[in-house]
Amino acid sequence: MPSPPAASRSAGAAAAVARRILHPSSLLPPGTTSLKPCLRAATTTTTHAHTTTPRHHLPASLPIPTRTSSRPYHSYSHPPPPGPFTPTESLLLAAAYRHVPTHGFSASALALGARDAGYLDISPTIVPDGVFSLVQWHLVTQREALAARSVALFGDGQKGPNVVASRVEALAWERLLGNAEVVWQWQEALAIMAQPSYVPASVKELAMLADEIWFLAGDVAVDPTWYTKRASLSAIYAAAELFMTNDRSLGFRDTQEFLRRRLQEASEMGNVARSVREWLSFTASAGINVLRSKGVQI
Amino acid sequence: MATPHAILRAANPTTPAARLVPRHVSILLPCSRRHLSSTSRAAATPAPPNGGTSADNGTTTTPPKPKNLKPLTPSQIDFLSSALRVNQAGELAATLIYTAQTPPVVRREPHLRPLMAHMYEQEAAHLSTFNALLARHRVRPTALYPLWSVLAAGLGWSTAVLGREAAMACTEAVETEIGGHYNGQIRQLLEMVAGWEAEGYDVGDEFRELIRTLRRIRDEELEHLDHAVEHDAQKAEPHWLLTGAIRAGCRGAIWVSEKV
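Reading the values: rules and limits
- Residues numbered from 1 in each chain as written.
- Chains lettered and ligands numbered in written order.
- Predicted model: local features only at pLDDT ≥ 70, side-chain atom pairs only at ≥ 80, totals over all residues.
- Heavy atoms only, no water.
- Axes fitted to C-alpha atoms, helices over the stretch in contact; angles between N-to-C directions.
- Helix = DSSP H or I, 4+ residues; strand = E, 2+ residues; numbered from the N terminus.
- Parallel < 35°, antiparallel > 145°, perpendicular 65-115°, else oblique.
- Left-handed = near helix turned anticlockwise from the far one by under 90°.
- Contact = heavy atoms within 4.5 Å.
- Nonpolar A, V, L, I, M, F, W, Y, C, P; charged D, E, K, R; others polar.
- UniProt positions renumbered as here; feature names shortened; annotations may be inferred.
- Buried < 20%, exposed > 50% of the residue type's maximum accessible area, 1.4 Å probe, protein only.
- Buried area = accessible area lost by both parts, 1.4 Å probe.
- Salt bridge = Lys/Arg side-chain N within 4 Å of Asp/Glu carboxyl O.
- Polar contact = N/O pair within 3.5 Å; in protein donor to acceptor, adjacent residues only side chain to side chain.
- Phe/Tyr/Trp six-rings, centres within 6.5 Å; stacked < 30°, edge-to-face > 60°.

## Considering the packing of helix α8 (residues 164-198) of chain B against helix α10 (residues 239-259) of chain B
Residue and element names in this part refer to chain B.
(1) Moving on: Remark: α8 packs on α10, axes separated minimally by 9 Å, with the N-to-C direction vectors making an angle of 40°. In terms of orientation, α8 lies oblique with respect to α10. In this structure, α8 meets α10 at a crossing whose hand is right-handed. Residues Ala 166, Ala 169, Cys 170, Glu 172, Ala 173, Val 174, Thr 176, Glu 177 and His 181 of α8 lie in contact with α10, whose contacting residues are His 239, Leu 242, Thr 243, Ile 246, Arg 247, Cys 250, Arg 251, Ile 254 and Glu 258.
(2) Moving on: Among the residues making up the contact of α8 with α10, the classes are represented as 9 nonpolar, 4 polar and 5 charged.

As structure tokens, then:
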């Protein structure tokens, strides 16, 4: 495995933190001078975090998340409500995220990110869920990046019976590729997400990803298939993501084939279920009409 | 307070048979009014050419001022999503009630076929309106969709088998509840709009359009209520029992669909 062992990494991080705390200069304000503009930004702007948060410390690779974790109604004209992360957390997590490919979803990545952003190494304690917030940052930024990528992929606006299904596969594959840089750390991230206190938030993120993919693929059905489609896509995506953590093929070819096979099976099962339902409804209405034609008053 | 159907009946004392002629064509969907526009196509201003960066275009037309819209609060968002969800469930139930009621009622009284067809078409249009709204605003449909489908079809069929008066009483009960329900939603939306205007914010077209749509649909539902009462809904035998039970069921279904 190319990633360094977790034990030595966390021991190194703990030593680094201890050194910082005990050194008197760590108590001085080099961190506070860069905290001030951020706190000012935090108090004055709650709704437009992505435009006014000071970004002097990091090159923006992905936009700061602006939508909250549960959004039952999406408005096209009203500004989006504040995202799941405060501006301070966003700065810190964005800086820490750049260290994830080398240090994993760990306290050392958070500490290095805090240092990059100009904070004290102890600053990650302001992030409420610790390393899970870093995992959540990855999930949220990758999900919100799908909208821009879908515009790039589907700009031609083709129509057809299987367009939605092919777009779902394309979007799911795009999202899986978003894991490519952190795939070696992803099993650790899954273990973090599986902790009982974080399971609800993780499952919610998976559900929101499935909803985002179906919406961007152009699905407009609002009958019970709304639920079955999202449930099946969540299961398929989670399985493909897990498969990808052990995939050594070039360009994650095997994962792409795995995804294609699972989506094919799901659509076949959907066809079978729809055919059975249609047959039952036709038979029932034909039976009722036969009885009516015989004079039965129904 | 005089009921809507009484006011309308007092204003238009025509015979029931004449009412079957589509007098209500004039209050059908607004898209029919577009064909009556007096502006000729040639007189309408053509769209500016693509990539028109020439100076003569820029100075005459100013770009529309960006609207200052307040972000929606979580309670407003919850209200909007549950309102749209309940409305879709209600229109689904209405279409299924009419589908199930039509064969038994029309078998006994064939002259009611145009009325039943007209009411069904309006409900189907409402359902597709709400389906489009739910898909556009990413609101989830009610999880009890199959249950409401079965119950609505069962209600429609059983009241139709009891007789035309019972079928009309069912329509009367459902439309009374639905009319009150839409009124409450419109009132709440208007309160939201008044609150924004009082705070100095603009109101987006999204909300004005939503209020306009809900008003139109409420008016069409009250029109159905009017038809039902004209066709002897009040003469159904245990009228108090039928309408009481159906209205209570509607209120319960609305309450559940808002949550689930």
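## Quick notes on the UniProt feature "binding site: Fe cation 2" (unreviewed entry) in chain B
Residues and elements named next belong to chain B.
(1) Moving on: Mapped onto the present numbering, the UniProt feature "binding site: Fe cation 2" (unreviewed entry) falls at Glu 123, Glu 175, Glu 221 and His 224. For the residues just named, distributed over 102 residues, the greatest C-alpha separation is only 11.3 Å, placing them together at one site.
(2) Moving on: Mapping Glu 123 onto the fold places it in helix α6 (residues 113-136).
(3) Moving on: For Glu 123, a relative accessible area of 0% translates into the label buried.
(4) Moving on: Mapped onto the fold, Glu 175 is located in helix α8.

## Points about the side chain of A:Asp211
(1) Moving on: Turning to its location among the elements, A:Asp211 is positioned in helix α10 (residues 199-216).
(2) Moving on: On the basis of relative accessibility, which here comes to 18%, the residue A:Asp211 falls in the buried class.

## Side note on the UniProt feature "domain: COQ9 C-terminal" (unreviewed entry) in chain A
(1) Moving on: The UniProt entry lists residues 199-269 of chain A under the feature "domain: COQ9 C-terminal" (unreviewed entry), expressed in the numbering used here.
(2) Moving on: Helix makes up 79% of residues 199-269 of chain A and strand 0%, whereas the separation of the span's terminal C-alpha atoms amounts to 28 Å.

## Here's the deal with the interface of chain B and chain A
(1) Moving on: In this complex, chain B contributes 31 residues to the contact, which on the side of chain A involves 23 residues.
(2) Moving on: Both sides of the chain B and chain A interface together cover about 2,600 Å² of buried area, and 59% of this is carbon and sulfur.
(3) Moving on: Among the ionic pairs, A:Glu212 bridges to B:Arg138, the shortest N-O distance being 3.1 Å.
(4) Moving on: Taken together, the links from chain B to chain A amount to 14 residue pairs in polar contact (both at pLDDT 80 or more).
(5) Moving on: The set of elements that each furnish at least two residues to the side of chain B that touches chain A consists of α5 (74-108), α6, α7 (145-162) and α9 (205-230) of chain B.
(6) Moving on: Looking at the side of chain B that touches chain A, its residues break down into 19 nonpolar, 5 polar and 7 charged.

## Here we look at the packing of aromatic side chains
All names here are of chain A.
(1) Moving on: Evaluated as defined, the whole model comprises 7 aromatic pairs over all chains.
(2) Moving on: A ring pair is formed by Phe 105 and Trp 186, whose centres lie 5.9 Å apart and whose planes are at 70°; its orientation type is edge-to-face. Taken together, the residues span a long stretch of sequence, with Phe 105 in the loop between α5 (100-103) and α6 (107-116) and Trp 186 in helix α9 (residues 186-193) at a distance of 81 residues.
(3) Moving on: Looking at Phe 105, the relative accessible area reads 1%, which means it is buried.

## Digging into the packing of α5(B) against α10(B)
Residue and element names in this part refer to chain B.
(1) Moving on: α10 packs onto α5 with a crossing angle of 130° between their chain directions and a minimal axis gap of 8 Å. As summarised for this structure, α5 and α10 are arranged oblique, according to the angle between their axes. The interaxial crossing formed by α5 with α10 has right-handed handedness. Of the residues in α10, those touching α5 at Ser 82, Arg 85, Val 86 and Ala 89 are Ile 254, Ser 257 and Glu 258.
(2) Moving on: When its residues are assigned to classes, the contact of α5 with α10 shows 3 nonpolar, 2 polar and 2 charged.

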